[in-house]
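Architecture at a glance
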Amino acid sequence: MSFVLHLPVLMVAVPIAVAVLISVLLTFKRNIAFVLSVLTMIFCLISSLFLMVKVITEGSFVYYVSDWPPPWGIEIFIDRLSVYMLLLIAIVGLISIIYSELYIKKVLDHQKIPFYYMLVLFLIGSIVGFVISGDIFNMFIFFEILSLSSYSLVAISGDREALRAGFRYLVMGIVSSLFILLGLGFIYSVTGTLNFTQIALRVKELSDLTVIQTGALLLIVAFIIEAAIFPLHVWLPKAHGKAPAPVSALLSGLVIGIGVFGMIKVVYYILPGVYPVSFVVFFRGLISVGIILGAIFALFENDLKILLAQSSISQIGFAAIGVFFFSYSGLMGSMLQLLNHAFAKSALFLGAGAVIYKTGFRNLDEMKGIGKRMPITMGFFAIGLASIASIPMTCGFVSKYYLCLAAIKQGLWGSVGAILLGGFLSLLYCLRIISCIFFEKPDSKVEVKEAPLKMLLPLGVLAFLTIFFGVFPRAAFVLIEPGVKEILGFLR
Amino acid sequence: MKKFIVIVLLVLVGLFLLLAVSKMPIMGDPDSPTNAIATSRYIAKGPQETGCNNLVSAIILNYRVYDTFGEITVIFVTLTAALAILGREKAGEGVSPLKVSPSPLVSTIMIIYIPFFIVFAFYVAIHGFNSIGGGFQGGVILASVLVIYALVFGYDEAVRKFPPKRRILFEGLAPLCFVVVGFMSILAGTNFLNLNFSSVSHFRNFLTLILEISLGLTSGVAIASLFYILKKVERE
Amino acid sequence: MLKASFSNLIYVVSMILFLIGFYAVAMRPSLIKKIIGINIMETAIFLFLIGIGNKKGGASPLVVEGIEKYVNPFPQAMVLMALVVGVGTTALALILAVRLFECENGEKR
Amino acid sequence: MFFQFVLLATIILLPLFGAGLVYWVSSKSAMLRNYLAASLTIVTLILTSILYCFSKGEAIVVGYPFLSFAEIRFSINPMSALLAFLTAFIWTAATLYSFTYLKSSSNQGRFYAFLLLAFSANLGVFLAGNFLTLFIFFEILGISAYPLIVHNEDKKAFKAGAKYLVMVFLGDIALLMGILLYCKVTGNIDFATGIKGTSEYIKFIIFALMGIGFGVKAGVIPFHIWLPDAHPVAPTPASALLSGVMIKVGVYGIIRSLFSIFGPEQSSIVVGSIVIWVGIITMLVAVFMALLQENAKKMLAYHSISQMGYIVLGVGCAAYLGVEGALALGGSMYHIVNHALFKSCLFLTVGAVYYRTGELNMYKLGGLVKKMPIVAFCTLVASLGISGVPLFNGYASKTLIHQALAHLGHGGWVGLVNVLFIVTCGGTIASFIKLFTLVFLGRAPKKYEKVKDASSSMLVGIMALAIMVFALGIFPGRFWTFFILPLLKHLGYTGTALSSIRTVNILTLHDIQSLVISLAVGIFIFTVGTRYGLFHLRFPRWFGVNYWFEQFALGVYFLLHEESHLIEMHTSRATREIKEMIAKKGRSTEALIEGESYVLRSLIFISKRHVKKIYLRVETYIVARANYIIKSLWSGFLAKTYRSLSASETKKEFNLYIEDLNFSIFLILFLLVLCFVSIKLIG
């Protein structure tokens with residue numbers, strides 16, 4: 001089983017290498033990009049499954065890249081939560097790549113297609129690198145790759161709106177990565193190391209926390225931008241709405257979730273317990289406002305994809321608020337919400353993409369009664385909506401249940417109100433979409449048929465997973481329950 | 001009004017940052033945590049463990065070579081993004097020869113100097129082991145050569161001399177080299193990207209050299225490619 | 001605070017530089033100037049990092065016989081890598097800005 | 001144990017997967033779909049009757065692990081088995097009925113699929129073994145009823161459906177909150193017989209939250225507003241199920257939560273009296289509203305609310321009396337069963353009339369007794385049932401609840417409750433005399449010459465229910481001993497409390513007396529009402545709860561929506577109404593009746609036309625003023641913030657884009673400062 005130890009780092013290296021390989025092979029063969037990326041993602045999926053077995057049986061482990069021990073070399077830190085994230089990444093990545101084939105052919109020029117796959121592979125590789133990294137500077141490097149590939153994926157179609165969205169995302173993203181660099185400088189200056197565990201050890205010996213707090217704050221603000229939490233969500237609606245559908249699925253399902261995971265890393269792994277109460281309260285308030293406002297924005301939006309993007313703001317707020325409860329239930333809810341958002345929101349974007357692929361409709365007004373024309377596609381779409389609206393027997397319900405329970409257990413009534421109101425508003429906008437899609441009488445006389453199987457299958461898998469984890473959430477608990485308990489141990 | 005608000009906010013941020021700065025250890029203090037840790041290994045054992053007298057090279061090519069791998073990927077991602085958004089430049093299409101032909105003095109000097117520049121670039125790249133220099137620095141010199149060539153002899157001429165097909169291999173060289181070395185180290189039974197996996201110490205130096213050169217080539221050619229691609233837009 | 005700041009003058013300067021860059025990003029209407037502002041911020045951080053690695057009387061981290069005291073090489077390596085990353089981000093920003101400029105102008109015609 | 005688990009799983013999963021199957025089949029063949037739906041419900045009915053055999057002794061609990069501290073748990077006990085059987089029975093009848101009724105309707109596949117889904121969820125609620133499971137199935141039930149309500153897909157249906165869902169979602173939030181608090185207090189979410197060791201205050205809050213959640217579903221006033229809209233617009237089989245079974249889920253939940261929080265021993269007089277008053281107000285107001293309706297289905301919907309009031313009243317008595325309250329609770333449970341039977345039967349008969357004549361307005365029907373004798377007979381049976389006439393089932397349960405009222409004491413408010421109870425009974429009787437005479441007696445209009453009796457598949461459903469109404473009326477004692485007593489035992493009543501009510505005499509002199517009084521009251525109301533046209537009275541809009549809910553929703557909408565065309569809409573509507581009012585001097589017509597929101601109009605109209613005019617003027621003025629203020633606020637500060645925050649579509653210019661970009665950077669800066677401030681505030 002010793003090869004399993006190398007798998008995390010190979011999950012970073014292989015997608016990147018394959019992407020580079022595609023560019024080299026491009027001169028000989030143009031169509032190879034899709035096949036190679038699917039194979040890579042299958043490799044990632046299989047290795048994350050191996051890793052899952054490994055961490056379940058033997059617990060978390062560290063891996064020294066280049067065999068240099070922590071303060072000098074780079075450490076990779078693989079615990080249950082990161083393996084959990086890896087699984088999500090592999091599944092959603094594989095699904096969106098499979099889905100991309102037809103969609104991208106229709107949306108992009110054929111010269112851009114191989115570059116699209118390359119960028120997606122870079123994105124996947126860098127997300128993996130970011131998640132498993134145990135060193136802040138390494139995290140910064142992968143964060144950069146991640147952001148650069150997301151900016152360019154947003155802007156890839158080259159039309160004006162996409163470019164504007166991409167540029168805005170880029171400016172905010174660069175500022176956020178500079179914050180990481182600055183914060184890392186502060187942390188490095190007082191601890192002398194960039195390794196997570198070592199920093200956590202050194203911080204306990206420090207008498208004055210000002211510098212560390214400044215560093216932590218800069219890191220958190222950077223991840224707030226990346227996770228699109230209110231009020232720094234401004235880049236998100238356009239960026240996710242204007243990108244090609246599979247890209248929106250990846251960005252909305254994974255990348256902003258990765259922002260929250262980055263926050264978890266800062267708050268629990270790197271600098272546990274340096275945050276004053278006022279700061280935590282402030283953050284909870286901020287996120288609560290974001291939850292409600294995002295849902296309200298979504299309620300009055302007409303463009304389906306932008307609506308979904310607006311709802312991402314609200315949904316990612318749910319994931320983020322659990323981080324700042326500092327309790328078992330809160331973190332469980334947060335992790336489950338990441339899962340819910342990865343599957344359900346990806347399914348939604350892919351479903352919206354299927355409609356765009358078949359009809360070119362983007363606005364909700366045009367889609368009246370489309371559920372009657374393409375019932376299976378829209379049925380899967382509805383399952384995604386159900387999960388976003390936290391209807392029982394989908395994983396959205398489980399996550400919000402945990403979050404609410406955590407808030408009630410600590411007596412944080414403001415957060416409870418925000419979560420419940422956010423849930424209610426999500427129900428309302430989901431209802432609006434559903435009643436428009438399924439119950440209104442279709443306007444247009446255009447004959448619309450079911451999406452092709454290659455798009456339907458990925459959607460179906462996501463919908464199935466959403467339901468599966470709603471009915472058997474224990475399947476996810478195998479990884480996250482011990483993982484959450486482990487990182488709560490860091491606080492002490 | 002807006003200006004005023006932004007300035008006030010910036011001043012506030014600045015005050016908080018200055019507060020943090022004032023609590024930081026005094027600069028240049030030999031006992032500060034950063035220096036203490038660095039001294040204990042990088043400076044004390046660096047040359048023996050990595051074979052590089054240049055400690056910066058030792059860090060980026062051995063202790064933290066994984067970061068360097070990520071970082072060369074950044075360059076490649078940028079290039080990919082440029083290609084995806086702007087498209088590869090095409091030689092000879094819609095050629096408009098330079099409006100002002102280069103002065104013979106400049107062109108002659110350039111023709112004489114360019115080989116030396118290239119040699120210098122490789123020198124800097126290779127010599128990064130033991131003295132000032134390194135792969136990136138060499139790469140930047142290489143890129144500047146390519147850029148100057150385009151500026152002096154015209155864009156089309158440059159693209160004809162260094163066509164995209166030939167550049168592609170160089171652009172992808174470094175990431176592939178890193179991954180191959182990584183695989184080799186895994187196959188040899190050590191961790192990913194361990195350059196010390198062989199007991200023969202020269203082999204380690206050889207690998208470092210290869211990585212250094214590939215870094216130089218890739219960064220140089222990729223930056224030049226970026227320049228060409230941006231230049232293409234300007235022409236259109 | 002003032003005294004401590006004075007002894008860490010380079011840090012203070014780099015912070016001010018950082019804020020200047022920030023101002024450019026926040027207020028300048030030109031996209032290119034925004035990108036320049038980003039670069040100023042980057043440079044400020046590099047200065048900051050190099051300052052952290054400084055050691056009084058230390059030689060540059062190039063091992064030569066007879067010298068015992070070297071500055072910390074790690075921030076320098078970090079800056080080197082961040083520099084290259086900065087090149088990448090700047091390039092991408094320029095690419096997007098150029099394309100955006102094209103689009104906006106194309107619309108006007 | 002394993003057998004029970006399989007049985008339960010089959011009962012709940014069979015309709016669930018059947019729903020998907022039916023949807024799939026419906027695109028292939030309508031015939032096959034109908035057979036499939038029928039056979040699925042019948043098989044489930046048989047399985048639930050098998051289930052009942054296991055429910056005699058201790059509750060059997062099966063489940064599978066779901067969350068880290070709770071499982072999805074089902075329990076087989078007398079209460080849940082009885083209600084599950086009832087559900088399956090009525091569902092079967094309604095499904096059989098709907099084959100003919102929906103023959104020419106579109107989207108039948110969806111209807112049957114969601115009918116089965118709701119069936120599964122309903123069974124799940126009744127068989128749930130803890131609050132989490134209860135909540136899960138409760139919410140699925142609430143959502144799966146939506147497609148049934150909006151089945152016709154017209155504007156009215158959408159409006160009713162939206163109102164229904166909003167109310168149900170709000171209720172769900174309250175319920176979830178209550179359940180989570182329960183979880184916090186007790187540490188688990190199992191049903192219990194009373195929480196121990198917490199203050200009354202917290203217990204009351206938990207019960208209030210849960211009560212609101214379940215009360216919305218049960219249609220308890222003031223959360224009933226969705227019900228009179230939603231039940232009439234649904235297709236008849238669906239409204240029969242909505243009224244007959246689905247709102248029972250709410251009452252079941254109230255009983256469950258009451259007994260889990262307080263239990264029979266720790267009953268609270270305060271809670272009891274609140275519940276009693278809620279029940280009595282519900283039954284009285286709803287019966288009053290029912291009398292004023294012209295639409296037969298709407299009248300039945302109001303009667304459903306009123307009958308829920310009876311049940312809630314019984315539950316309140318049980319809470320008030322504590323250990324002694326077994327009789328009241330038994331009466332309530334009995335009434336749940338009875339109401340399910342006769343109300344479904346009534347909806348189905350009215351639906352049959354509608355199917356043949358295409359008319360729901362009672363005043364336009366008449367003389368159908370000769371054309372549709374069997375339907376008329378069944379309507380009569382069910383009407384007698386709901387009116388509480390001996391030999392029909394309603395009598396027994398109403399009498400039990402009335403007897404329980406007597407245990408509360410005498411004089412004071414109890415006397416008032418007693419009087420109100422009898423008045424309500426009278427109102428119910430009057431209302432059903434009205435229904436029967438208007439629809440079936442009298443002279444038939446000419447266009448209904450060729451009306452035939454309902455088709456056989458409809459009649460099967462109707463008659464099955466009518467027979468049950470009759471059967472339960474003849475053998476109330478058997479039913480009491482076999483079904484209700486084990487149930488009470490399960491809920492935590494112990495030996496002494498139970499032994500005293502082993503046999504109950506429901507034909508005492510006192511009961512007959514009150515029956516006669518209420519009959520007299522009913523006949524009096526009916527005669528006076530028809531003579532003086534009191535049934536056509538309408539109240540002003542602000543009189544109803546609905547109006548305030550709507551105003552609140554509109555206000556929120558104003559606040560949030562930038563382009564409020566609604567202001568113009570609202571003002572123009574008011575002026576139009578004034579014009580209409582002046583134009584028409586006579587009685588109110590259908591044009592003005594839109595639910596209870598346009599209420600009491602005619603009353604004022606008869607007395608003082610000017611008052612009405614001034615009222616509308618003032619209202620228009622105030623609304624316009626308020627809207628103007630809101631709008632000016634909005635278009636100034638709020639709209640700007642909203643637009644810049646939500647990256648709205650209106651900004652096209654590049655300069656504005658740059659402004660947005662600058663704004664986003666400014667936000668980063670702003671947040672940074674806030675964070676720094678917050679971090680330095682204390683620590």
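Structural notes, computed from the coordinates. Given the structure is predicted, the values throughout are model-derived calculations rather than measurements.

1. So, the overall build of chain B
If you tally the helices and strands in chain B, you get ten helices and zero strands. Counting helices and strands in the order they occur from the N terminus, chain B gives α-α-α-α-α-α-α-α-α-α. The C-alpha atoms of chain B give 23 Å as radius of gyration, which overshoots the globular expectation for 236 residues (18 Å, by more than 25%). The C-alpha extent of chain B, read off along each of the three principal axes, is 65 × 60 × 35 Å. Scored against the burial criterion, the 236 residues of chain B give a buried share of 56%. Sequence-distant contacts in chain B: of pairs separated by 6 or more residues, those separated by 24 or more amount to 71%. Accessible surface, chain B as shown: approximately 9,800 Å² in total, 71% of it carbon and sulfur. Charged side chains in chain B number 18 positive and 13 negative. The centres of these two groups are separated by 5 Å.

2. Some thoughts on empty space enclosed by the protein
One pass over the structure, following the stated rule, counts 17 cavities of 30 Å³ or more. Size it by volume and the largest cavity reaches roughly 190 Å³. Considering the residues around the largest cavity, the lining is formed by 16 residues, among which A:S390, A:L420, A:G423, D:I173 and D:L176 are closest to the centre. Elements represented by at least two residues in the lining of the largest cavity include exactly helix 16 (395-410) and helix 17 (413-439) of chain A together with helix 5 (131-144) and helix 7 (155-186) of chain D. Taken together, the residues that form the lining of the largest cavity break down as eleven nonpolar, two polar and three charged.

3. Digging into the packing of aromatic side chains
Residues and elements named next belong to chain A. The final tally for this structure, using the stated rule, is 67 aromatic pairs over all chains. Measuring from centroid to centroid gives 5.6 Å for F77 and Y269, while their planes differ by 85°, and the two rings are edge-to-face. Taken as a pair, F77 in strand 2 (residues 74-78) and Y269 in helix 10 (residues 245-270) lie far apart in primary sequence, 192 residues in all. According to the relative accessible area criterion, F77 is buried, its value standing at 14%. Three or more aromatic residues link up through ring pairs in this structure, and these residues are Y268, Y275, F279, F282, F283, F324 and F326. Here the basic side chain of K54 rests over the ring of F61, its NZ or CZ set 5.4 Å away from the ring centre. In this arrangement the basic side chain of K400 is found over the ring face of F318, its NZ or CZ atom lying 4.8 Å from the centre.

4. Topic: unusual backbone geometry
Looking along the chain, the bond that leaves D:I221 and enters D:P222 is cis, with omega of 10°. With respect to the helices and strands, D:P222 occurs in the loop between helix 8 (200-218) and helix 9 (227-233). Despite not being glycine, A:S66 has its phi angle at roughly 60°, a positive value. As for its position among the elements, A:S66 is in the loop between strand 1 (61-65) and strand 2. For A:S66, a relative accessible area of 2% puts it in the buried group. For A:F326, which is not a glycine, the phi torsion comes out positive at approximately 55°. Turning to its location among the elements, A:F326 is positioned in the loop between helix 12 (304-323) and helix 13 (328-359). You can call A:F326 partly exposed: its relative accessible area is 26%.

5. Let's talk about the interface of chain D and chain A
How big an interface is tends to be expressed through the accessible area that disappears when the partners come together. In this assembly, 67 residues from chain D lie in contact with 66 residues from chain A. Interface area, chain D with chain A, both sides summed: about 6,100 Å², of which 76% is carbon and sulfur. When the buried surface of chain D facing chain A is broken down by residue, D:L180, D:I668 and D:L671 rank first, second and third, together holding 10% of it. Connecting chain D to chain A are one salt bridge. In this structure, D:E153 engages A:K372 in a salt bridge whose closest nitrogen and oxygen atoms are separated by 2.9 Å. Those elements giving two or more residues to the side of chain D that touches chain A turn out to be strand 1 (60-65), helix 5, helix 6 (146-149), helix 7, helix 21 (545-560), helix 24 (609-646) and helix 25 (654-681) of chain D. Counting residues per element, the side of chain D that touches chain A draws most heavily on helix 25 of chain D, which supplies 17 residues. Class assignment of the residues belonging to the side of chain D that touches chain A gives a composition of 47 nonpolar, ten polar and ten charged.

6. Observations concerning the interface of chain A and chain C
With 27 residues of chain A at the contact, the number on the chain C side is 32 residues. Together, the buried faces of chain A and chain C total about 2,700 Å²; carbon and sulfur atoms form 88% of this surface. Inspection of the region where chain A meets chain C yields zero salt bridges. Connecting chain A to chain C are one residue pair in polar contact (both at pLDDT 80 or more). Breaking the side of chain A that touches chain C down by element, the ones donating at least two residues are helix 5 (136-155) and helix 6 (160-191) of chain A. Ranked by residues supplied to the side of chain A that touches chain C, first place goes to helix 6 of chain A with 18 residues. Of the residues in the side of chain A that touches chain C, the class split is 20 nonpolar, four polar and three charged.

7. Quick notes on the pairing of strand 2 (residues 71-76) of chain D
Residues and elements named next belong to chain D. Burial analysis of strand 2 places five of its six residues in the buried class, the great majority of the element. Both strand 1 and strand 2 contribute to a ladder of six bridges, which runs antiparallel. If you follow P65 over to strand 2, its bridge partner there is E71. From the end of strand 1 to the start of strand 2, which pair antiparallel, there are five residues.

8. Brief notes about a nonpolar patch on the surface
Residues and elements named next belong to chain B. Taken together, the side chains of M1, F4, I5, I7, V8, V11, L12 and L15 present a nonpolar region at the surface, about 740 Å² in accessible area. Among the secondary structure elements, F4 is positioned in helix 1 (residues 2-23). When its relative accessible area of 56% is taken as the criterion, F4 is described as exposed.

9. Let's talk about the side chain of A:S23
With respect to the helices, strands and loops of the structure, A:S23 is situated in helix 1 (residues 3-25). Residue classification places A:S23 among the buried positions, given a relative accessible area of 8%. A polar contact is formed between the side chain of A:S23 and the backbone oxygen of A:V20, at a distance of 2.8 Å. Those residues in contact with A:S23 that sit more than four places away from it in its chain are A:M118, B:F76 and B:I168.

10. Looking at the side chain of D:T44
With respect to the helices and strands, the residue D:T44 is situated in helix 2 (residues 30-53). Sequence-distant contacts of D:T44, that is, excluding residues within four places in its chain, are made with D:I11, D:L14, D:P15, D:F119 and D:L123.

11. Re the state of the cysteines
What is meant by a disulfide is a covalent connection between two cysteines, made through their sulfur atoms. A full pass over the atoms with the stated rule returns zero disulfides over all chains. For D:C183, which is in no disulfide, the shortest distance to another cysteine sulfur is to A:C404 and amounts to 11 Å.

12. Here's the deal with the nonpolar core
Within the largest apolar cluster, 556 residues are counted, with the highest numbers of intra-cluster contacts made by A:F167, A:F186 and B:Y66. The leading source of residues in this core is helix 6 of chain A, at 19 residues. Residue assignment places this core across two domains, with domain 1 (127-135 + 145-529) and domain 3 (651-683) of chain D each supplying three or more. Residues within four places of B:Y66 in sequence aside, it is in contact with A:V9, A:V12, A:V65, A:I74, A:I76, A:G129, A:N138, A:F142, B:F192 and B:L193. Within the second largest apolar cluster, 13 residues are counted, among which are B:M110, B:L146, B:A158 and B:Y228.

13. Examining the environment of A:K372
Relative to the helices and strands, A:K372 resides in helix 14 (residues 370-373). Among the residues examined, A:K372 registers a relative accessible area of 30% and is labelled partly exposed. Considered as a pair, A:K372 and A:F300 are 72 residues apart in the sequence and their alpha carbons are 24 Å apart. Ignoring any residue separated from it by four or fewer positions in sequence, one finds A:K372 in contact with A:I437, A:F438, A:F439, A:E440, A:K441, A:P442, D:N107, D:R110 and D:E153. Within polar-contact distance, the side chain of A:K372 engages the backbone oxygen of A:E440 at 3.5 Å.

14. Some details on the packing of helix 2 (residues 32-58) of chain A against helix 4 (residues 113-132) of chain A
Residues and elements named next belong to chain A. Contact geometry for helix 2 and helix 4: axes closest at 9 Å, N-to-C directions at 15°. Classed by the angle they form, the pair helix 2 and helix 4 counts as roughly parallel. For the crossing formed where helix 2 meets helix 4, the hand is left-handed. Contacts from A33, F34, S37, T40 and M41 in helix 2 reach P114, Y117, L121 and I124 in helix 4. Taken together, the residues of the contact of helix 2 with helix 4 break down into seven nonpolar, two polar and no charged.

Reading guide: rules and limits
- Residues numbered from 1 in each chain as written.
- Chains lettered and ligands numbered in written order.
- Predicted model: local features only at pLDDT ≥ 70, side-chain atom pairs only at ≥ 80, totals over all residues.
- Heavy atoms only, no water.
- Helix = DSSP H or I, 4+ residues; strand = E, 2+ residues; numbered from the N terminus.
- Rg over C-alpha atoms; globule rule 2.2 N^0.38 Å.
- Buried < 20%, exposed > 50% of the residue type's maximum accessible area, 1.4 Å probe, protein only.
- Contact = heavy atoms within 4.5 Å.
- Areas by Shrake-Rupley, 256 points an atom, 1.4 Å probe, with all protein chains shown as cover.
- Lys, Arg positive; Asp, Glu negative; His and termini not counted.
- Charge placed at Lys NZ, Arg CZ, Asp CG, Glu CD.
- 1 Å grid on protein atoms, 1.4 Å probe; cavity = no way out; pocket = protein on both sides within 12 Å on 5 of 7 lines; lining within 4 Å.
- Points joined across faces, edges and corners; volume = space filled by probe spheres on them.
- Nonpolar A, V, L, I, M, F, W, Y, C, P; charged D, E, K, R; others polar.
- Phe/Tyr/Trp six-rings, centres within 6.5 Å; stacked < 30°, edge-to-face > 60°.
- Lys NZ or Arg CZ within 6 Å of the ring centre and 35° of its normal.
- Buried area = accessible area lost by both parts, 1.4 Å probe.
- Salt bridge = Lys/Arg side-chain N within 4 Å of Asp/Glu carboxyl O.
- Polar contact = N/O pair within 3.5 Å; in protein donor to acceptor, adjacent residues only side chain to side chain.
- Pairing = 2+ DSSP bridges.
- Patch = residues over 30% accessible without salt bridge, like charges linked within 9 Å, V, L, I, M, F, W, Y side chains within 5 Å.
- Disulfide = S-S within 2.5 Å.
- Core = buried A, V, L, I, M, F, W, Y, C linked by side-chain atoms within 4.5 Å.
- Domains from an automatic or database assignment.
- Axes fitted to C-alpha atoms, helices over the stretch in contact; angles between N-to-C directions.
- Parallel < 35°, antiparallel > 145°, perpendicular 65-115°, else oblique.
- Left-handed = near helix turned anticlockwise from the far one by under 90°.

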